[in-house]
Amino acid sequence: MQATTAGITKAGTGIDGISWNILGQTYVPKQVSESSFSWHATFPPGTSVPPHIHPTQEEFIYMLEGRFDLVIDGHEFVATSGDLIRLPMNLPHGIFNRTEQVVKCFFWVTPTRKLYDLFWAIHSMKEQSPPEVIALAARHEVMFLPPPPGQ
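Keep in mind that this is a model prediction, so the values were computed, not measured.

Considerations on the overall build of the protein chain
Helix and strand content of the protein chain: two helices and 11 strands. Going residue by residue from the N terminus, the α and β elements of the protein chain occur as β-β-β-β-β-β-β-β-β-β-α-α-β. Against the compact-globule benchmark of 15 Å for 151 residues, the protein chain has a radius of gyration of 15 Å, which places it among compact chains. In terms of overall dimensions, the protein chain has a C-alpha envelope of 50 × 35 × 30 Å along the principal axes. When contacts within the protein chain are restricted to residue pairs at least 6 apart in sequence, those whose partners lie at least 24 apart make up 66%. For the protein chain, the accessible surface area stands at approximately 8,200 Å², while carbon and sulfur atoms represent 56% of it. Side-chain charges of the protein chain comprise 10 positive and 14 negative groups, with the mean position of each set lying 4 Å from the other.

Right, dumping it as structure tokens:
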């Protein structure tokens with residue numbers, strides 16, 4: 001992994017023109033180094049990242065447009081434009097766009113660990129079936145949680 005480089009990642013672009021399809025969302029990586037990884041995300045209506053844990057990373061989400069419903073450590077929250085979501089290491093969290101509007105936001109994690117490689121692997125899957133994504137994520141230090149009883 002490379003060190004952070006100086007410069008500007010222009011609006012509407014990502015590193016090397018990369019754009020990933022991750023569980024129906026679009027992720028555009030903006031910066032990657034050993035110490036941190038950031039990406040712009042677009043969540044269409046009805047998309048989500050089910051509850052999971054990052055045992056080796058802190059995660060942050062800055063809301064640009066729209067509304068997320070979140071479950072963080074068993075508690076429900078709402079985040080809207082201008083809010084910063086802080087997700088400490090080892091804290092279970094799920095992210096849901098339950099609205100009819102697109103959500104645009106900016107994610108970053110520290111340190112990068114295996115997340116960049118996980119996104120490449122998910123994007124490259126022929127079909128992103130939940131059991132295969134869950135198994136792949138576990139090999140990349142992201143642990144998805146079983147759904148709550150009754151769901």
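A few points about the packing of aromatic side chains
In total, this model carries 17 aromatic pairs according to the counting rule given. Each ring, one from Tyr-27 and one from Phe-119, has its centre 5.0 Å from the other, and the planes form 65°; the classification is edge-to-face. Here Tyr-27, found in strand β2 (residues 25–32), pairs with Phe-119, found in helix α1 (residues 115–124); they are 92 residues apart in sequence, far enough to count as distant. Judged by its relative accessible area of 3%, Tyr-27 falls in the buried class. Put simply, the rings of Trp-20, Tyr-27, Phe-37, Trp-39, Phe-43, Phe-68, Phe-107, Tyr-116, Phe-119 and Trp-120 pair up and form one aromatic cluster.

Details of the environment of Phe-96
Along the polypeptide, Phe-96 turns up in strand β9 (residues 93–96). For Phe-96, a relative accessible area of 15% corresponds to the buried category. Sequence-wise, Phe-96 and Ser-48 are 48 residues apart; in three dimensions their C-alpha atoms are separated by 4.3 Å. Not counting the four nearest positions on each side in its chain, Phe-96 is found in contact with Thr-47, Ser-48, Pro-51, Arg-67, Phe-68, Asp-69 and Val-71.

Quick notes on the side chain of Asn-97
Following the sequence through the fold, Asn-97 ends up in the loop between β9 and β10 (103–110). Judged by its relative accessible area of 1%, Asn-97 is buried. Here Pro-44 takes part through its backbone oxygen, which lies 3.2 Å from a polar atom of the side chain of Asn-97. In this structure the side chain of Asn-97 is engaged in a polar contact, spanning 2.7 Å, whose partner is the side chain of Thr-99. With residues up to four places along the chain from it excluded, the contact list for Asn-97 reads Phe-43, Pro-44, Pro-45, Gly-46, Thr-47, Arg-67, Phe-68, Val-102 and Val-103.

Remarks on the sheet that holds strand β4 (residues 48–53)
Spatially, five strands are ordered β7-β6-β9-β4-β11 in an open sheet, and the strand pairing comes out antiparallel. Lying at the two open borders of the sheet, with one neighbouring strand each, are β7 (75–80) and β11 (143–144).

Considering a nonpolar patch on the surface
Taken together, Tyr-62, Leu-64 and Leu-84 make up a surface patch of nonpolar side chains, about 240 Å² in accessible area. Along the chain, Tyr-62 turns up in strand β5 (residues 58–65). Judged by its relative accessible area of 35%, Tyr-62 is partly exposed.

Quick notes on α1
Side chains that are three or four residues apart share a direction in an α-helix, a result of its 3.6 residues per turn. Among the residues of α1, those classed as buried are Leu-115, Tyr-116, Leu-118, Phe-119 and Ile-122. In an axial view of α1, the angular spread of the buried residues amounts to 160°, which keeps them on one side of the axis. Looking at the buried positions of α1, the neighbouring elements they touch are β1 (20–22), β2, β3 (37–43), β10 and α2 (130–139).

Scoring rules and cut-offs
- Residues numbered from 1 in each chain as written.
- Predicted model: local features only at pLDDT ≥ 70, side-chain atom pairs only at ≥ 80, totals over all residues.
- Heavy atoms only, no water.
- Helix = DSSP H or I, 4+ residues; strand = E, 2+ residues; numbered from the N terminus.
- Rg over C-alpha atoms; globule rule 2.2 N^0.38 Å.
- Contact = heavy atoms within 4.5 Å.
- Areas by Shrake-Rupley, 256 points an atom, 1.4 Å probe, with all protein chains shown as cover.
- Lys, Arg positive; Asp, Glu negative; His and termini not counted.
- Charge placed at Lys NZ, Arg CZ, Asp CG, Glu CD.
- Phe/Tyr/Trp six-rings, centres within 6.5 Å; stacked < 30°, edge-to-face > 60°.
- Buried < 20%, exposed > 50% of the residue type's maximum accessible area, 1.4 Å probe, protein only.
- Polar contact = N/O pair within 3.5 Å; in protein donor to acceptor, adjacent residues only side chain to side chain.
- Pairing = 2+ DSSP bridges.
- Patch = residues over 30% accessible without salt bridge, like charges linked within 9 Å, V, L, I, M, F, W, Y side chains within 5 Å.
- Salt bridge = Lys/Arg side-chain N within 4 Å of Asp/Glu carboxyl O.
- Arc of directions from axis to C-beta.

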